[in-house]
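Here is how the chains run, residue by residue.
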Amino acid sequence: MLAFHLVFYHFSKRQEDPTKKVDRFLYSMRLHDDQLRDISARFLCEMEKGLSVESNAAATLKMLPTHVRSTPDGSEKGEFLALDLGGSRFKVLQVKVREEAGRKRRGVEMEEKTYPIPQELLIGGGAELFDHVSECLKDFLHQKNISLEEKHPLGFTFSFPCQQTALDQGLLVNWSKNYRARGLQGKDVVQVLRQSINRTGGMDVEVLSLVNDTVGTMMTCGFDDQNCEVGLIIGTGTNACYMEELRHIDLVEGDEGRMCVNTEWGAFGDDGALNDYITEFDKEIDAASTNPGKQLFEKLVSGLYLGELVRLVVLKMAKLGLLFDGNVSDALRTKGKITTAHVAAMEQYKDGLRNTRDILLDLDLTPSQDDCIAVQHVCTVVSFRSSNLVAAGLAAILSRVRQNRKLKTLRITVGVDGTVYRTHPQYAERLHNAVRQLVPDCDVQFVLSESGNSKGVAMVTAVSQRLASQRRQVDETLLSFRLSQEQLRLVKARMRAGLEAGLKSNGPTPIKMLPSYVYRTPDGTEDGQYLALDLGGTNFRVLLVKIHSGLRRSIRLYNKIYTIPLEVMQGTGEELFDHIVQCISDSLDYMGMKNARLPLGFTFSFPCSHVAIDTGTLVSWTKGFKATNCEGNDVVDMLTDAIIRRDEFDLDVVAVVNDTVGTMMSCAYDDPQCEIGLIAGTGSNVCYMEELRNIEKFEINEERDDGMEGEEMKRRETQKMCINTEWGGLGEDGCLDDIITRYDTEVDRESLNHGKQRFEKLISGLYLGEVVRQVLLDLTRRGLLFRGHVTEALNTPGIFHTKYLSHIESDRLALLQVRSILQQLGLDSTCDDSLIVKEVCGAVSHRAAQLTGAGMAAVVDKIRENRGLDHLNITVGVEGTLYQLHPHFSRVLQETVRCLAPQCHVTFVLSEEGSGKGAALITAVAIREQEEMYYPELKS
């Protein structure tokens, strides 16, 4: 950045360097870095004010939402008409974006014609102005042989401040640039244009977008450079726009995604924020303008005023005898005699001094060589201040974008247009250097808009059409995941039918309804020390559980966690149970309890059939286990055999239970109304307390010789038993085919248990991420995501973990998280891509929660009807990462239950240490029951 230093010389006027003389005279226009940072900070504050609904009215930066929500991604195509109205002339264009042109510049073809606007229309009636525009549009269609019968989408570049309420609506805030047409301020200019087109007649034109020239510039450059998210105009006027996070724009509903904001930065300083930087020459410019006190920043930097600023400075210096030996010509006194084009010519590298002399001679002045050098330097100071001020404003915008996205460094492109930037020989270089010095943490590229902003308005129109088409197709895709209340009631009814069928039959049914032989929940009198085992996945836990009853009842747990290696999970059953016993031995050593013979509860989270609480025949492995010679065998016998083989300790296996039952018992210890257990995590399952009389397949174990058969017969009429529903099998008979999507079918086809657990594959964490991946893969293949680029990672089953759904849907920073996750998957995503991915995740998880709720509604209504109640109060104990960590799953689940089971008041309680704590409590309850059977006096 150029630095000016004030040096006072004690030489005669003829000996003084003419540039030093100018520096001293214009010291107030020289801005050092600290001043520019100060201006940038003030600009940032005004941006905040303009974005807030509370302070927008008082803000000088109006931060107008444009409703442009996306920059081009290169897939746009079609033919569009464009109107560009913003000066003494306006243009009509036809823009053709070739199909599959990608990001090649040759992909866009443009034909245009410029039409003059008579001066009387600039200050006449608004309707007459727009009628003229419409007639010129019709003339253009005739001249270019464009069909008048076909419908033509049109974008309207309107380079004046508008308050937009939609992409195709904009209320004119105020005129600028010598426009004063009556009757339009506060009116929707798009509607006015449509009315004029209708009056002209003979055209089928659909006005789809209203765009500021700054936005048009950003979109023009954005077609060739995806990083272009800032637009800048430095010409007759000046302005900037950028892509702001929607959550920060109070004037627009919604908080996801981005929207282009038109800063209208020309008014910065209208509230006095720049008073300490405004010179006497700026004040004179403002006083002589048509809008005194307004657009002060624009008057400091734009091409409409730079030439006049130079004239005022040169005139003042001449009057003080510092130029032309004090001679002043009439031409120099005349406003407008020095233009910004003159300033650019005087600053040219090679011919600048000669141009300066010629211009001064044309002003009837007789300049010396030093006069020419001094005037040239005046131009440098004035234009340099302009570029520095623009850099300060742009630095504020770039800093905000970087901070919004929480990036240490920001890579971004600024699309630029305007005669000052285009024609001034040093302006662009000075601006670039100043910006990079003010925001060193931003990697900024500047791209000149080669096609002006007219191509940009066509791009806005093309993008809006692309987004609309994309929106329709995405909505149609996700519609299959959106379940109506009628569909949910059908799922509830089918679940109820499945529960009833499972209770009646010992044969194969989709919902197995396995008796657990747990007859009651804890009552708080349980006491003692118990060992608990928890096997449900790749981790195996051994727990010592100490239960204290009485007034200060409590449960303390001590545990060690062990890994089950894959080769053990998929080896022989003997190897698996030997490994389990080895872990138990190590844990008993660690606890110093090798010689204690403790009662043991075994949480075994796989489908088992029971004939007693201390037996469990494995029906089938799940969750990646495939150990041989286990299915069809009693897991308690296999565990006991392994203990005998090791011959180090003895254990009394009192109970073997499912993790769902353990969860229910854990929560029931603190809440007596808890009679349901729900697992909503990697897998999904439910258990509940069913009336014994309804369990038709329940059989008394006649082979037992402990005298308990009579007690079990009595229970049938009076007591309950916990049923492990294994509800994940619902749908194996085809009853869910009407709600299963093609994506679910694909997930099922690729699973290890094709055709099984159809309900679980719709609702559990093991499968939701894969359902999402299938949808994303389909949308990408159809060109609706990631510009149609399918990566190897996206083609890899299991790569999209269900935990990503929780991250993606978690909070207002979700889009940053989405892009980070997609980047890990090798997907280069845009903001629009991230929004669609979030929608897909939301649709899949919302359906899962609703289906879980429909199933739960069937269970609670069954319990209510079992007991002949008009209203049921009941608690559900819940465990599982999906319920616990997903931001919306639990809420949607509970809302669905309330809607589908209105006669039930259901409380959901999150279980802590459900499996281990529950196994110990089941063991304690089972021991207590046995004691009461053999010693009836204990009941009293």
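Residues numbered from 1 in each chain as written. Predicted model: local features only at pLDDT ≥ 70, side-chain atom pairs only at ≥ 80, totals over all residues. Heavy atoms only, no water.

**Points about the overall build of the protein chain**
Reasoning step 1: Secondary structure assignment for the protein chain yields 31 helices and 26 strands.
Reasoning step 2: At 39 Å, the protein chain has a C-alpha radius of gyration far larger than the 30 Å of a compact globule built from 940 residues.
Reasoning step 3: C-alpha atoms of the protein chain, sized along the principal axes, occupy 130 × 70 × 50 Å.
Reasoning step 4: Per-residue burial over the protein chain gives 59% buried out of 940 residues.
Reasoning step 5: Within the protein chain, contacts between residues at least 6 apart in sequence are counted, and of these 72% link residues at least 24 apart. (Helix = DSSP H or I, 4+ residues; strand = E, 2+ residues; numbered from the N terminus. Rg over C-alpha atoms; globule rule 2.2 N^0.38 Å. Buried < 20%, exposed > 50% of the residue type's maximum accessible area, 1.4 Å probe, protein only. Contact = heavy atoms within 4.5 Å.)

**Overview of the packing of aromatic side chains**
The geometry of an aromatic ring pair is captured by the separation of the ring centres together with the interplanar angle, meaning the angle of the planes.
Reasoning step 1: Tallying each qualifying case throughout the model produces 25 aromatic pairs.
Reasoning step 2: Plain terms: the ring middles of F43 and F268 are 5.0 Å apart, the flat faces sit at 70° to each other, and that makes the pair edge-to-face. Taken together, the residues span a long stretch of sequence, with F43 in helix 2 (residues 33–51) and F268 in the loop between strand 11 (258–262) and helix 7 (280–288) at a distance of 225 residues.
Reasoning step 3: Given a relative accessible area of 1%, F43 falls into the buried group. (Phe/Tyr/Trp six-rings, centres within 6.5 Å; stacked < 30°, edge-to-face > 60°.)

**Comments concerning the pairing of strand 10 (residues 238–245)**
Reasoning step 1: Among the 8 residues in strand 10, 8 count as buried, and that is most of the element.
Reasoning step 2: Because side chains alternate across strand 10, one face comprises the buried residues T238, A240, Y242 and E244, and the other comprises N239, C241, M243 and E245, equally buried.
Reasoning step 3: Sheet topology places strand 9 (residues 228–234) next to strand 10; 5 bridges connect them, and they run antiparallel. Across the sheet, G231 pairs through a bridge with C241, a residue of strand 10.
Reasoning step 4: Counting the residues in the hairpin turn of strand 9 and strand 10 gives 3 residues.
Reasoning step 5: Pairing of strand 10 with strand 11 involves 5 bridges; the strand directions are antiparallel. Bridge pairing in strand 11 places C241 opposite N262. (Pairing = 2+ DSSP bridges.)

**Section: the environment of V313**
Reasoning step 1: For V313, the position within the fold is in helix 9 (residues 303–319).
Reasoning step 2: Residue classification places V313 among the buried positions, given a relative accessible area of 0%.
Reasoning step 3: Separated by 32 residues in sequence, V313 and F281 place their C-alpha atoms 6.9 Å apart.
Reasoning step 4: Residues contacting V313, with those up to four places away along its chain left out, are F25, L26, M29, F281 and V378.

**Some remarks on the environment of Y305**
Reasoning step 1: Among the secondary structure elements, Y305 is positioned in helix 9.
Reasoning step 2: Taking the C-alpha atoms as reference, Y305 lies 21 Å from S329; in sequence the two are 24 residues apart.
Reasoning step 3: Apart from the residues within four sequence positions on either side, Y305 is in contact with I285, N291, E298 and K299.

**Let's talk about the pairing of strand 2 (residues 78–85)**
The side chains of a regular strand alternate, residue by residue, between the two faces of the sheet.
Reasoning step 1: For strand 2, the buried fraction is high: 6 of the 8 residues fall into the buried class.
Reasoning step 2: Sheet topology places strand 2 next to strand 3 (residues 89–97); 8 bridges connect them, and they run antiparallel. The residue of strand 3 that forms the bridge with L85 is F90.
Reasoning step 3: Pairing geometry for strand 2 and strand 5 (residues 152–158), over 5 bridges, is parallel. Opposite D84, over in strand 5, you have T157 as the bridge partner.

**What to know about the pattern of salt bridges**
Reasoning step 1: For the structure shown, the criterion picks out 56 salt bridges.
Reasoning step 2: Residues D17 and K20 are paired through a salt bridge, measuring 3.6 Å at the closest nitrogen-oxygen approach.
Reasoning step 3: Judged by its relative accessible area of 33%, D17 is partly exposed.
Reasoning step 4: Where salt bridges share partners, they join K492, R496, E500, E690, D861, K862, R864 and E865 into one cluster. (Salt bridge = Lys/Arg side-chain N within 4 Å of Asp/Glu carboxyl O.)

**Focus: helix 12 (residues 352–362)**
Reasoning step 1: Within helix 12 the residues assigned to the buried category are G352, N355, T356, I359 and L360. One face of helix 12 carries all of its buried residues, which in axial projection span an arc of 130°.
Reasoning step 2: Just beyond helix 12, the residue with positive phi is D364, at close to 65°. (Arc of directions from axis to C-beta.)

**Regarding the side chain of T461**
Reasoning step 1: You can see T461 is positioned in helix 16 (residues 454–479).
Reasoning step 2: A relative accessible area of 0% places T461 in the buried class.
Reasoning step 3: Setting aside anything within four residues of it in sequence, one finds T461 in contact with F80, P153, L154, G155, L208 and S209.

**A short note on the sheet that holds strand 21 (residues 652–657)**
Reasoning step 1: The strand order 17-16-15-18-21 describes an open sheet built from 5 strands, whose pairing is mixed. Edge strands, defined here as strands with exactly one partner in the open sheet, are strand 17 (554–563) and strand 21. Neighbour-to-neighbour, the strand axes of this sheet turn through a mean angle of 20°, independent of strand direction.
Reasoning step 2: Note that strand 15 (residues 528–535) and strand 18 (residues 599–604) share 5 bridges and pair parallel. Paired with A532 across the strands is G601, a residue of strand 18.
Reasoning step 3: Contacting strand 15, strand 16 (539–548), strand 17 and strand 18, helix 19 (residues 573–591) crosses the sheet at an angle of about 45° to strand 16. (Axes fitted to C-alpha atoms, helices over the stretch in contact; angles between N-to-C directions.)

**Side note on unusual backbone geometry**
Reasoning step 1: You will see that D364, though not glycine, has its phi angle at about 65°, which is positive.
Reasoning step 2: Positioned with a positive phi, E726 is a non-glycine residue whose angle comes to about 50°.
Reasoning step 3: When you line up the elements, E726 lands in the loop between strand 24 (720–724) and helix 23 (742–750).
Reasoning step 4: Taking the relative accessible area as the measure of exposure, E726 reaches 10% and is therefore buried.

**Let's talk about the nonpolar core**
Reasoning step 1: Among the nonpolar cores identified, the biggest contains 102 residues, and I676 and M856 are the most heavily contacted of them.
Reasoning step 2: The biggest single contributor to this core is helix 28 (residues 831–866), with 16 residues.
Reasoning step 3: In contact with I676, other than residues within four places in its own chain, are M664, V686, C687, Y688, M856, V859, V860, I863, I874, T875, V876 and G877.
Reasoning step 4: Membership of the second largest hydrophobic core comes to 88 residues, among which are I39, F281, I359 and V401. (Core = buried A, V, L, I, M, F, W, Y, C linked by side-chain atoms within 4.5 Å.)

**Description of the packing of helix 7 against helix 9**
Reasoning step 1: Look at helix 7 against helix 9: their axes get within 10 Å of each other, and the N-to-C directions meet at 120°. What the angle tells us is that helix 7 and helix 9 run oblique. For the pair helix 7 and helix 9, the sense of crossing is right-handed. When helix 7 is examined against helix 9, the residues E280, F281, D282, E284 and I285 are found in contact with a partner set consisting of Y305, E308, L309, L312, V313 and K316.
Reasoning step 2: Considering only residue class, the contact of helix 7 with helix 9 consists of 6 nonpolar, no polar and 5 charged. (Parallel < 35°, antiparallel > 145°, perpendicular 65-115°, else oblique. Left-handed = near helix turned anticlockwise from the far one by under 90°. Nonpolar A, V, L, I, M, F, W, Y, C, P; charged D, E, K, R; others polar.)

**What about a negative patch on the surface?**
Reasoning step 1: A surface patch of negative charge is lined by E574, E575, D637 and D641.
Reasoning step 2: Listed by contribution, the elements that provide at least two residues to the negative patch are helix 19 and helix 20 (635–646).
Reasoning step 3: Checked against the element boundaries, E575 lands in helix 19.
Reasoning step 4: Owing to a relative accessible area of 42%, E575 belongs among the partly exposed residues under this scheme. (Patch = residues over 30% accessible without salt bridge, like charges linked within 9 Å, V, L, I, M, F, W, Y side chains within 5 Å. Areas by Shrake-Rupley, 256 points an atom, 1.4 Å probe, with all protein chains shown as cover. Lys, Arg positive; Asp, Glu negative; His and termini not counted. Charge placed at Lys NZ, Arg CZ, Asp CG, Glu CD.)

**Here's the deal with the sheet that holds strand 12 (residues 410–417)**
Reasoning step 1: The 6 strands lie next to each other as 1-11-10-9-12-13, forming an open sheet whose pairing is mixed. The open sheet has two edge strands, strand 1 (64–65) and strand 13 (442–448), and neither has a second partner.
Reasoning step 2: In the packing of helix 13 (residues 369–404) onto the sheet, the strands contacted are strand 9, strand 10, strand 12 and strand 13, and the crossing angle to strand 10 comes to about 5°.
Reasoning step 3: Packing against the sheet, helix 15 (residues 427–438) makes contact with strand 9 and strand 13, and its axis sits at approximately 160° to strand 13.

**Here's the deal with the environment of G183**
Reasoning step 1: In this structure, G183 sits in the loop between strand 7 (169–172) and helix 5 (189–200).
Reasoning step 2: We classify G183 as exposed; its relative accessible area is 53%.
Reasoning step 3: Each C-alpha atom, one on G183 and one on G126, is 5.7 Å from the other, the two residues being 57 residues apart in sequence.

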